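# Examination of the molecular architecture
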Amino acid sequence: MSALSEGLTQILIPLASLVGIGFAVLQWFLVSRVKLSSQDSSNGYKQKLIESDEEEEGINNLEISIKCTEIQHAISVGATSFLFTEYKYLGIFMCVFGAIIFLFLGSVKGFSTKSEPCTYSQGNTCKPALANAIFSTIAFLLGALTSVLSGYLGMKIATYANARTTLEARKGVGKAFITAFRSGAVMGFLLAANGLLVLYVSINLFKLYYGDDWEGLYESITGYGLGGSSMALFGRVGGGIYTKAADVGADLVGKVERNIPEDDPRNPAVIADNVGDNVGDIAGMGSDLFGSYAESSCAALFVASISSFGISHEFTAMSYPLLISSMGIVVCLITTLFATDLFEIKKVSDIEPSLKRQLLISTVLMTAGIAVVSFFALPSEFTLFNFGTEKEVKNWHLFFCVAIGLWAGLIIGYTTEYYTSNAYSPVQDVADACRTGAATNVIFGLALGYKSVIIPIFAIAIAIYMSFSLAAMYGIAVAALGMLSTIATGLAIDAYGPISDNAGGIAEMAGMSHKIRERTDALDAAGNTTAAIGKGFAIGSAALVSLALFGAYVSRAGIKTVDVLTPKAFIGLIIGAMLPYWFSAMTMKSVGSAALKMVEEVRRQFNTIPGLMEGRVKPDYANCVKISTDASLREMIPPGALVMLTPLIVGILFGVETLAGVLAGALVSGVQVAISASNTGGAWDNAKKYIEAGVSEHAKSLGPKGSECHKAAVIGDTIGDPLKDTSGPSLNILIKLMAVESLVFAPFFAAHGGFLFKFI
């Protein structure tokens, strides 16, 4: 028996969630102190941003504050409008796919309402298949709604904080950093706490019906992960197409052709670009990491439910994944204080070390937290289901599994930082390659991306081998959870980047001094690196989550072994390995098509609007926003359909073995392509920023802005934009989503799949 009682477990999990929500509200309150006050102004604005007493000479005036308010409002309205339009389409999808889940799973036993023998708990009876259909559909809808809420709240917080970060930059880089990081922490803690709370409440409500049938209960709960990831896919792809179409259009015409600064208010695509940062890098990323968390939790819970925990109804031991997440919220809360209260950012060079310190501190503290949870929540010895056999496991085995995942995540994070930060030689070499033009820049960038895959793959491989050796598939599932246990800190670091990027854009558009722009650029450059680290975590955890879900699918589908030498499995393997390339081709082309329209529109406005280049008239921002919105909503459907329909088509037509091959192939191929794409794009972006900042003699020799070398770097950056912000991050959702969808539909595929092979 566990040392921790069931009653105390029932208190600790929701308490940790409420503490996380409370801490998020506190951080929001602190950010809101840089406040919008209800003072009328002569320009007709009802609100203006309060100005500090410590302003720099020549920039503290009412006009600057009003401009910041106006720009912030335009970005917020644009982002909100896009998300509401996107969510209308997703609402239709949720209803249709929810109906498919119900019909497919209900038809397994002909919509029977009779109890049936349990699959794993021999001799016992479980609830009917119809109950699984109903509750899986409910769980799917709950996961989808929580994912949508996570993305929306993140976007609202980011658009609330961007102008406040800009104004705080007038007091110094430290004040601006704290505002941006606290805003990111609001999103991180809200997402982690809401995800945990909804999952916990869902389990307890489902238990009212299922009672002692934990096998059926936790099988239906897997729908929660499916709902979270399906929304994340469309959010990531749609938001990624939106932001990159605007970014590429703004950069190619503004920087390369017209030689005007980034975020110059004369550029028609600049508002769309800033809106895109919020709908893609904030809302999409929030939904993505929520999906990872939901799937890793569901995978661990399902595997545990068919082991001794579930059969003997040990609630505390079953809730081990939720207790790990609860401990993660507490650890991240302590870690955040190191960035906002215990250490002060005094100069630009302190920013990146402070963010990296967050990763290290949270990992060290969480290791101790895992030990505490493993000792108190788990029996000293228990058995786990291992593909038809039982494996004896000790509680310290699971401690090592979670810790291995946690530290593997840190290694992936630091490796990503090495290959994407302009403080190190790989990115500096890419920048140096710009001397001879865009072609050599692209060659060096691609080589860097391919090379950056090596260490993360070894880290993932070691984590898989060790965790599987210690605790079978359950070990891999909790290793994935370990990698995501510090999700609140990871999200805070990740969201900090787009907030800082927006702050810099607002400073430029509001006409603030060069000194302020330098500070916001420094915040943004560090944010670019940390965003790449966040993507590395998401991809690494996706590999472990997908493998755990794959194991759960194989068990649920009744497959004894997956033999790649059989034709059925091998054709699935090779098709699965192709899918990430097909998906990437679709998303890259979508960004290219949208960017083409954006470039043409920006050129048209510069060529046909008199006085635009001189700054006498405003450009038509709304038309560029419309181009990005229309393109993203239209173009997100085909890639989404590819991912959602593939498991259904393969499972129905070719059966469970071929589908197992597809999942394995997509996992192996997708992880490599995702890491390479994300790191290549991140390196090109920071190579451009390295040249623009000119902080070293080497960087100065490559610049200044507008030089041929800088133009070559901008071209590399625009090629990398869809790689790092659309295709790369979306691929980790592809491999997770196909795996969890296969698990949810496994009973149907096992009963009625392989339709085509019956006639061959």
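All of these numbers come straight from a predicted model, not from anything done at the bench. (Residues numbered from 1 in each chain as written. Predicted model: local features only at pLDDT ≥ 70, side-chain atom pairs only at ≥ 80, totals over all residues. Heavy atoms only, no water.)

What follows covers the overall build of the protein chain. A tally of regular secondary structure across the protein chain gives 23 helices and 6 strands. Relative to a compact globule of 760 residues, whose C-alpha radius of gyration would be 27 Å, the protein chain shows 25 Å and is just as compact. When its C-alpha atoms are laid out on the principal axes, the protein chain stretches across 80 × 55 × 45 Å. Counting every position in the protein chain, which comprises 760 residues, the buried fraction comes to 65%. Carbon together with sulfur atoms contributes 65% to the accessible area of the protein chain, which is approximately 26,100 Å² in total. Counting 52 positive and 61 negative side-chain charges, the protein chain places the centres of these two groups 2 Å from one another. (Helix = DSSP H or I, 4+ residues; strand = E, 2+ residues; numbered from the N terminus. Rg over C-alpha atoms; globule rule 2.2 N^0.38 Å. Buried < 20%, exposed > 50% of the residue type's maximum accessible area, 1.4 Å probe, protein only. Areas by Shrake-Rupley, 256 points an atom, 1.4 Å probe, with all protein chains shown as cover. Lys, Arg positive; Asp, Glu negative; His and termini not counted. Charge placed at Lys NZ, Arg CZ, Asp CG, Glu CD.)

In this section: the confidence of the model for the protein chain. When pLDDT is averaged across the protein chain, the result is 87; 95% of the residues are at 70 or more. Averaged pLDDT values for the elements of the protein chain fall to 42 in strand β2 (residues 48-49) and rise to 95 in helix α13 (residues 438-451). Every residue in residues 37-59 is under pLDDT 50, and counting partners more than four places away or in other chains gives 52 contacts. (pLDDT = per-residue confidence, 0-100. Contact = heavy atoms within 4.5 Å.)

Below, the discussion takes up the pattern of salt bridges. Counting across every chain of the model gives 28 salt bridges. For Arg182, the salt bridge is made with Asp341, and the minimal N-O distance between the two is 3.5 Å. Pair noted here: Arg182 is in helix α4 (residues 173-210) and Asp341 is in helix α9 (residues 320-342), with a separation of 159 residues, a long-range link. In this structure Asp341 comes out as partly exposed when scored by relative accessible area, which is 49%. Among the ionic pairs, Asp524 bridges to Lys689, the shortest N-O distance being 3.6 Å. Within this pair, whereas Asp524 is found in helix α16 (residues 514-556), its partner Lys689 is found in helix α20 (residues 656-693), the two being separated by 165 residues in sequence. (Salt bridge = Lys/Arg side-chain N within 4 Å of Asp/Glu carboxyl O.)

Our next topic: α16. Taking 1.5 Å per residue, 43 residues should reach 63 Å; α16 reaches 61 Å between its end C-alpha atoms and fits that length. α16 sits mainly inside the fold: 39 of its 43 residues count as buried. Backbone geometry just after α16 places Gly558 at a positive phi near 75°. (Expected span 1.5 Å × (residues − 1).)

If you walk through the whole model with that rule in mind, you get 28 aromatic pairs. Seen in terms of ring centroids, Phe93 and Phe97 are 5.5 Å apart; in terms of plane orientation they differ by 25°. Their pairing is stacked. Of this pair, Phe93 and Phe97 are both found in helix α2 (residues 62-106), 4 residues apart, which corresponds to roughly one turn of the helix. A relative accessible area of 17% means that Phe93 is categorised as buried. Through pairs of rings, three or more aromatic residues link up here, namely Phe93, Phe97, Phe104, Phe140, Phe234, Phe745, Phe748 and Phe749. (Phe/Tyr/Trp six-rings, centres within 6.5 Å; stacked < 30°, edge-to-face > 60°.)

Attention shifts here to the environment of Ile134. Positionally, Ile134 belongs in helix α3 (residues 129-168). Once the C-alpha coordinates of Ile134 and Ala666 are considered, the two residues, 532 residues apart in sequence, prove to be 29 Å apart.

Between its first and last C-alpha atoms helix α15 (residues 487-509) spans 33 Å; for 23 residues at 1.5 Å apiece the expected length is 33 Å, and the two agree. Of all the 23 residues making up α15, 21 are buried; the element is thus mostly covered by neighbouring parts of the structure.

For the pair helix α19 (residues 637-654) and helix α22 (residues 708-744), the least separation of the axes is 9 Å and the interaxial angle reads 35°. The interaxial crossing formed by α19 with α22 has right-handed handedness. From α19, Val643, Met644, Thr646, Pro647 and Leu648 reach across to α22, where they touch Leu734, Leu737, Met738, Glu741 and Ser742. (Axes fitted to C-alpha atoms, helices over the stretch in contact; angles between N-to-C directions. Left-handed = near helix turned anticlockwise from the far one by under 90°.)

On to the nonpolar core. Membership of the largest hydrophobic core comes to 224 residues, with the highest contact counts inside it found for Tyr320, Ile351, Tyr474 and Tyr553. In contact with Tyr320, other than residues within four places in its own chain, are Ile370, Val373, Ser374, Ala377, Leu378, Leu398, Phe399, Val402, Tyr474 and Val478. Formed by 19 residues, the second largest nonpolar core is a distinct cluster that contains Cys434, Trp684, Ala687 and Leu702. (Core = buried A, V, L, I, M, F, W, Y, C linked by side-chain atoms within 4.5 Å.)

Side chains of Val564, Leu565, Phe570, Ile571, Ile574, Ile575, Met578 and Trp582 sit close together on the surface and give an oily, nonpolar patch of about 770 Å² of accessible area. Position of Ile571 relative to the elements: it lies in helix α17 (residues 567-608). Accessibility expressed as a relative area gives 34% for Ile571, which makes it partly exposed. (Patch = residues over 30% accessible without salt bridge, like charges linked within 9 Å, V, L, I, M, F, W, Y side chains within 5 Å.)

Our next topic: unusual backbone geometry. Of note in the backbone geometry, Phe111 takes a positive phi value of approximately 55° without being a glycine. As for its position among the elements, Phe111 is in the loop between α2 and β3 (116-117). Unlike most non-glycine residues, Ala472 shows phi in positive territory, near 55°. Checked against the element boundaries, Ala472 lands in helix α14 (residues 454-483).

Tracing the chain through its elements places Ala712 in helix α22. The spacing of Ala712 and Ala438 is 274 residues in sequence and 4.2 Å in space, taken between C-alpha atoms. Every residue in contact with Ala712, bar those within four places of it in the chain, is listed here: Cys434, Gly437, Ala438 and Asn441.

Take Thr415: it is sitting in helix α11 (residues 395-420). Excluding residues that lie within four positions of it along the chain, Thr415 makes contacts with Ser452, Ile455 and Pro456.

Viewed as axis vectors pointing N to C, helix α12 (residues 425-433) and α13 meet at an angle of 160°, and their least axial separation amounts to 7 Å. With respect to each other, α12 and α13 are oriented roughly antiparallel. Our pair here, α12 against α13, has a crossing hand that is right-handed. The residues of α13 that touch α12, namely those facing Pro426, Val427, Asp429, Val430 and Ala433, are Thr440, Asn441, Phe444, Gly445 and Leu448. Residues that form the contact of α12 with α13 fall into these classes: 6 nonpolar, 3 polar and 1 charged. (Parallel < 35°, antiparallel > 145°, perpendicular 65-115°, else oblique. Nonpolar A, V, L, I, M, F, W, Y, C, P; charged D, E, K, R; others polar.)

Next up on the list: the side chain of Ser136. Its place among the elements puts Ser136 in helix α3. In this structure Ser136 touches Ile101, Leu105, Glu219, Ser220 and Gly223, once residues within four positions along its chain are discounted.

With that settled, consider the environment of Met187. Topologically, Met187 is positioned in helix α4. Each C-alpha atom, one on Met187 and one on Met155, is 8.6 Å from the other, the two residues being 32 residues apart in sequence. If we skip the residues at most four places from it in the chain, Met187 touches Gly154, Ile157, Ile282, Met285, Gly286, Leu491 and Ala495.

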